[in-house]
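Results of the structural survey
Spelled out, the chains give:
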Amino acid sequence: MIFLTYDIQLLLLATAFGWIIARLVRFAVHKQGSLLRELTLTVLFLFLWFLVQHTLEPFVLVLDQTPQPPNLVPIRGLVLMLQRAIAVDHAITRWIVAINIIGNVLIFVPIGFLVSVLTPHRHKGWLAFAIGLAISLTIEIVQLSFVIRVFDVDDLILNSFGAWLGFIAYLLISQIKPFKEVFGQIANAQRSRAWLFVLLFGAFSVAAAAVIYWIDYTA
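What counts and how
Residues numbered from 1 in each chain as written. Predicted model: local features only at pLDDT ≥ 70, side-chain atom pairs only at ≥ 80, totals over all residues. Heavy atoms only, no water. Helix = DSSP H or I, 4+ residues; strand = E, 2+ residues; numbered from the N terminus. Expected span 1.5 Å × (residues − 1). Buried < 20%, exposed > 50% of the residue type's maximum accessible area, 1.4 Å probe, protein only. Arc of directions from axis to C-beta. Contact = heavy atoms within 4.5 Å. pLDDT = per-residue confidence, 0-100. Polar contact = N/O pair within 3.5 Å; in protein donor to acceptor, adjacent residues only side chain to side chain. Patch = residues over 30% accessible without salt bridge, like charges linked within 9 Å, V, L, I, M, F, W, Y side chains within 5 Å. Areas by Shrake-Rupley, 256 points an atom, 1.4 Å probe, with all protein chains shown as cover. Salt bridge = Lys/Arg side-chain N within 4 Å of Asp/Glu carboxyl O.

Turning our eyes to something else, we now look at helix H4 (residues 91-106). Because the α-helix completes a turn every 3.6 residues, residues three or four places apart line up on one side. For H4, with 16 residues, the first-to-last C-alpha span of 22 Å sits near the 22 Å given by 1.5 Å per residue. Val97, Ile101, Asn104 and Val105 are the residues of H4 that are buried. Seen along its axis, H4 keeps its buried residues to an arc of 115 degrees; they face one direction. In this structure, H4 carries Ala91, Ile92, Trp95, Ile96 and Leu106 as exposed residues pointing more than 90 degrees from its buried face. Buried-residue contacts for H4 involve helix H3 (76-88), helix H5 (109-118) and helix H7 (153-173).

Turning our eyes to something else, we now look at the confidence of the model for the protein chain. When the pLDDT values of the protein chain are averaged, the result is 88; 96% of them are 70 or greater. Within the protein chain, H5 carries the highest mean pLDDT (96), whereas strand S2 (residues 60-62) carries the lowest (79).

Let's shift gears to unusual backbone geometry. Backbone geometry follows two general trends: most residues other than glycine have a negative phi, and most peptide bonds adopt the trans configuration. Phi at Ile75 is positive, roughly 75 degrees, even though this residue is not glycine. Examined against the element boundaries, Ile75 turns out to sit in the loop between S2 and H3. Residue Ile75 is classed as partly exposed on the basis of its relative accessible area of 39%.

Note on placement: Asp7 falls in the loop between strand S1 (3-5) and helix H1 (8-30). As for Asp7 and Asp216, which are separated by 209 residues in sequence, their C-alpha atoms are 7.2 Å apart. Setting aside its immediate chain neighbours within four residues, Asp7 contacts Ile212 and Asp216. For Asp7, the side chain forms a polar contact with the main-chain nitrogen of Leu10, separated by 3.2 Å.

Judged by side-chain polarity, Phe17, Ile20, Ile21, Leu24, Val25 and Val29 come together as a nonpolar surface patch covering roughly 600 Å² of accessible area. Position of Ile20 among the secondary structure elements: in helix H1.

It is worth spelling out the environment of Leu48 at this point. Within the fold, Leu48 resides in helix H2 (residues 35-56). By relative accessible area, Leu48 is classed as partly exposed at 29%. Here the alpha-carbon distance between Leu48 and Val105, two residues 57 residues apart in the chain, equals 15 Å. If sequence neighbours within four positions are ignored, Leu48 has contacts with Ile111 and Ile135.

The final tally for this structure, using the stated rule, is two salt bridges. The residue Arg191 makes a salt bridge to Glu38 at a minimum N-O spacing of 3.6 Å. Residue Arg191 is located in the loop between helix H8 (177-188) and helix H9 (194-218), and its partner Glu38 is located in helix H2; the two are separated by 153 residues in the primary sequence. With relative accessibility at 8%, the residue Arg191 sits in the buried group. Among the charged side chains, a network of salt bridges with common partners joins Arg23, Glu38 and Arg191.

Here's what the structure looks like:
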């Protein structure tokens, strides 16, 4: 097999530098901003990187492998995992299974919560679910090229549900008046064409990832 170790730290530096420049340019264009909103956006950016670190490591690609068959049947993988844990009847095995299932849900809760805080739209629940699904799907597709990674539709279900739970957490916390006021300030500080900025920065990140891959591949 031919292995390639991806330089993930270089991608982190490139996107972090691009993020700072992009936010400064956006502030210069609109001549207004909110410190609370910028802090929330930065937390979301950093958490997405935390997610990348924990879902794609050890960042070793197999260039000549045939991807393992994906699990495209909803819930089947979860049922098999639970059945095996019960059949083994071992405390450590059951604990590992529980952590795997609960972890896939909880790790996406901050995404749903932060997206709900940042957006002024009414339908925050659907938006949190959709963004959680999109991020999870992107990760699952990228994982196809990495060692010890398999596409699993159950991960999409658990991750999306976790993002939706983040929205529920937002609803509960926003019932507290001080938090409701802060959340309102953050959402209302959204500048025009915010989604265009998201798309452009996403395109920049993909381009940077592709360039770094080409550098690693040619080396």
